[in-house]
Amino acid sequence: MATCVICHFPTPLDDVVLPSGSGQCICLRCFLRETGGMMPVPKALQRILSATLAACEG
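All values reported here derive from a predicted model rather than from experimental measurement.

Draft legend 1. Seen up close, the overall build of the protein chain. Each helix and strand in the protein chain was counted, giving two helices and three strands. Start at the N end of the protein chain and walk to the C end: the helices and strands fall as β-β-β-α-α. At 16 Å, the protein chain has a C-alpha radius of gyration far larger than the 10 Å of a compact globule built from 58 residues. Counting only contacts in the protein chain whose residues sit at least 6 apart along the sequence, the fraction spanning at least 24 positions is 9%.

Draft legend 2. Geometry of the sheet that holds strand β3 (residues 24-25). Spatially, three strands are ordered β2-β1-β3 in an open sheet, and the strand pairing comes out mixed. Either end of the sheet is taken by a strand with one partner, and the two such strands are β2 (10-11) and β3. As paired elements, strand β1 (residues 2-4) and β2 share two bridges and run antiparallel to each other. Following the sheet pairing, T3 is matched in β2 by P10.

Draft legend 3. Structural context of the environment of T52. Within the secondary structure, T52 sits in helix α2 (residues 43-57). The spacing of T52 and R33 is 19 residues in sequence and 27 Å in space, taken between C-alpha atoms.

Draft legend 4. Region of the structure containing unusual backbone geometry. Even without being glycine, H8 reaches a positive phi, approximately 65°. In this structure, H8 sits in the loop between β1 and β2.

Draft legend 5. Highlighting the nonpolar core. In terms of nonpolar packing, the biggest core is built from six residues, these being A2, C4, V16, C25, C27 and C30. Those residues in contact with C27 that lie beyond four places of it in its chain are C4, C7, T11, D15 and V17.

Basis of the calculations
Residues numbered from 1 in each chain as written. Predicted model: local features only at pLDDT ≥ 70, side-chain atom pairs only at ≥ 80, totals over all residues. Heavy atoms only, no water. Helix = DSSP H or I, 4+ residues; strand = E, 2+ residues; numbered from the N terminus. Rg over C-alpha atoms; globule rule 2.2 N^0.38 Å. Contact = heavy atoms within 4.5 Å. Pairing = 2+ DSSP bridges. Core = buried A, V, L, I, M, F, W, Y, C linked by side-chain atoms within 4.5 Å. Buried < 20%, exposed > 50% of the residue type's maximum accessible area, 1.4 Å probe, protein only.

As structure tokens, then:
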């Protein structure tokens, strides 16, 4: 596991975008946020997910 130099959270190796030899990296989430690559979840999908999770709980 490496530590992201931007958010400082431990990052599993499959979420590392730019690794370094010193155990530091830039994680996928920070990379996407900094490069403008994050896409918002559509409202319709958010409603479907919320309804599904609510149904699983009760």
